[in-house]
Amino acid sequence: MPPPGQNRLISIAILSLLVLLQSCRKQPDDVVAPNGKPTNLYSADVATKWASLQLKLTKTTAGFTPPVASRALGYAGLTMYESVVPGITNRKSLVGQLQGLTALPLPEIGKTYNWALSANAAQAAILRSLYANTSAANKTTIDSLETALLTQFKDKDETINQRSVTFGTAIANAVFEYSKSDGGHEGYSRNFPTSYVVPTGAGMWQPTENGIKIPMQPYWGRNRTFVKANDELAVPKPLAYSTNTNSAFFKQYMDVYNKSKVLTQTEKEIAVWWADNPGETFTPPGHSYNIAQIVVTTAKANLAKAAETFARTGLAVSDAFILCWRCKFLYNNLRPYTYVRLAIDPAWVPFWPAPPFPGFPSGHATQSSSAATVLAAMYGEKFTFTDNSHVNRVKDAARNVEFKARTFTSFSASAKESADSRFYGNIHTAQDNETGLAEGRKIGANINALAWTK
């Protein structure tokens, strides 16, 4: 038996320890979960419907080039996740894990929330902010979807509904304020800055057949990445420029030229399917976000898993475009259109017109690989899905190509085909694609390495 008074001292010590532990709690991982139905018991409808609308906004809003679109997808995905994560018992907020994200609003402890309404309000608010320059018709569509989903998911208790909407809106507003400091705010207004001086010299990018003199978003690589580990990745280096017919560099471009002469119908279909030109489609990062949506639907994921899926995919494609653009504008590598005409065939015309920015590495390969990496971590690499992103598009008569749905049995196969499409289109070399795929895997792995689980 302990001596008299010792029990009291032990009790005081235990109480002191508990107080100390309570004071060490960090926002918001250890906050007591609010009451109410957990996020995983809601359907993914609210997530997939907002993802669909965002892809429409990306396609129909002026200035949403691939880099700008990737950023919007990153912040929308983050907002979706943070608006529901307090209702997921085994998941953590990304506060303190993403660069510059030091705090977000917290739900009231012990109060009941409707997480579908929180996500609904959050998506409506963040899309209004990110697509501030969209049309009046699109803004009305945002309002309409918000109202429809509020009606679909609302609770009988109006106090719960209002509390949930208030929290979701607060999350969106806080994320938007956070976004303003990353270097890409309102990037849709400066896609081709006239202040940029295009470098000149052997092996450097030159305007191609589209005639655009200023390359797209030349400063994008300076933007803040979401994940610090991605910011610290070494920049890959292309092969040394040479017009020597025995050089490795020459062989890369000769392979593109030779492929242009023997394209199969299937290869043409692949090239056109993945082209995703801005203004005509929801852009390459939008294609990855749409694949995430297809996966969520195919897997019959709940709201909790859907929100994390869109968050990981959005962060992955956003960081991928920053790092890819950082590399592109470090080396300003010329496109096959320019090199083949210079060193191989002055009259050559590629299958697809070259985009207005440097070649190395491939943006398609980088972002597709990063998205594939995060999706594989959540759903397993061997996952069969059908990409129907463009099945309703009118036939490309000039190239005699129909838009046919494409089925894959793994995420890596999808990413590889996306990369190959640029080789078949004659606008990227093999080194552009191979490097992009490799770097994308690193970027996605760093997204996966965040502390998602408590």
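Placed above this text is the structure.
Everything numeric here is computed off the predicted structure, so don't read it as measured data.

Chemist: What am I meant to see in the packing of helix 10 (residues 283–298) against helix 13 (residues 363–379) here?
Modeler: For any two helices packed against each other, one specifies the crossing angle of their axes together with the interaxial distance. Look at helix 10 against helix 13: their axes get within 9 Å of each other, and the N-to-C directions meet at 20°. Viewed along their axes, helix 10 and helix 13 adopt a mutual orientation that is roughly parallel. Pair helix 10 / helix 13 crosses with right-handed handedness. Contacts between helix 10 and helix 13 involve Pro284, Pro285, Ser288, Ile291, Ala292, Val295 and Val296 from the first element and His364, Gln367, Ser368, Ala371, Leu375 and Tyr379 from the second. Grouping the constituent residues of the contact of helix 10 with helix 13 by class yields nine nonpolar, four polar and no charged.

Chemist: Quick question: what am I supposed to make of the nonpolar core here?
Modeler: Where a protein is soluble and globular, its nonpolar side chains tend to be buried together. Formed by 120 residues in total, the largest nonpolar core has its most connected members in Trp50, Leu98, Phe310, Tyr379 and Phe411. Per element, the largest residue contribution to this core is 14 residues, and it comes from helix 11 (residues 303–331).

Chemist: Would you explain the side chain of Thr309 in this entry?
Modeler: Mapped onto the fold, Thr309 is located in helix 11. Within the structure, Thr309 has its side chain in polar contact with the backbone oxygen of Lys305 (distance 2.7 Å).

Chemist: Got a minute to help me understand the environment of Ala397 in this structure?
Modeler: Looking at the element boundaries, Ala397 is found in the loop between strand 1 (385–387) and strand 2 (406–408). On the basis of relative accessible area, Ala397 is assigned to the exposed category, the value being 64%. Linking Ala397 and Ala103, residues 294 residues apart in sequence, is a C-alpha distance of 52 Å.

Chemist: In this structure, what is going on with helix 12 (residues 336–343)? I would like to understand it.
Modeler: Quick reminder: α-helices carry 3.6 residues per turn. Residues three or four places apart thus point the same way. Of all the residues in helix 12, the buried ones are Pro336, Tyr337, Thr338, Tyr339 and Val340. Against helix 8 (248–260) lie the buried residues of helix 12.

Chemist: Please clarify how the environment of Thr409 should be interpreted in this entry.
Modeler: By the secondary structure assignment, Thr409 is in the loop between strand 2 and helix 14 (411–424). A sequence separation of 162 residues divides Thr409 from Ser247, and the C-alpha atoms of the two residues are 37 Å apart. Here Thr409 is in contact with Glu381, Lys382, Phe383 and Thr384, once residues within four sequence places are set aside.

Chemist: Hey, could you run me through the packing of aromatic side chains in this one?
Modeler: Ring pairs (aromatic) are described by centroid distance and by the angle formed between their planes. Inspection of every chain in the model, using the stated rule, returns 27 aromatic pairs. Three or more aromatic residues link up through ring pairs in this structure, and these residues are Trp274, Tyr379, Phe383, Phe385, Phe408 and Phe411. Lying over the aromatic face of Tyr113, Arg163 brings its terminal NZ or CZ to 5.9 Å of the ring centre.

Rules and cut-offs
- Residues numbered from 1 in each chain as written.
- Predicted model: local features only at pLDDT ≥ 70, side-chain atom pairs only at ≥ 80, totals over all residues.
- Heavy atoms only, no water.
- Axes fitted to C-alpha atoms, helices over the stretch in contact; angles between N-to-C directions.
- Helix = DSSP H or I, 4+ residues; strand = E, 2+ residues; numbered from the N terminus.
- Parallel < 35°, antiparallel > 145°, perpendicular 65-115°, else oblique.
- Left-handed = near helix turned anticlockwise from the far one by under 90°.
- Contact = heavy atoms within 4.5 Å.
- Nonpolar A, V, L, I, M, F, W, Y, C, P; charged D, E, K, R; others polar.
- Core = buried A, V, L, I, M, F, W, Y, C linked by side-chain atoms within 4.5 Å.
- Buried < 20%, exposed > 50% of the residue type's maximum accessible area, 1.4 Å probe, protein only.
- Polar contact = N/O pair within 3.5 Å; in protein donor to acceptor, adjacent residues only side chain to side chain.
- Phe/Tyr/Trp six-rings, centres within 6.5 Å; stacked < 30°, edge-to-face > 60°.
- Lys NZ or Arg CZ within 6 Å of the ring centre and 35° of its normal.

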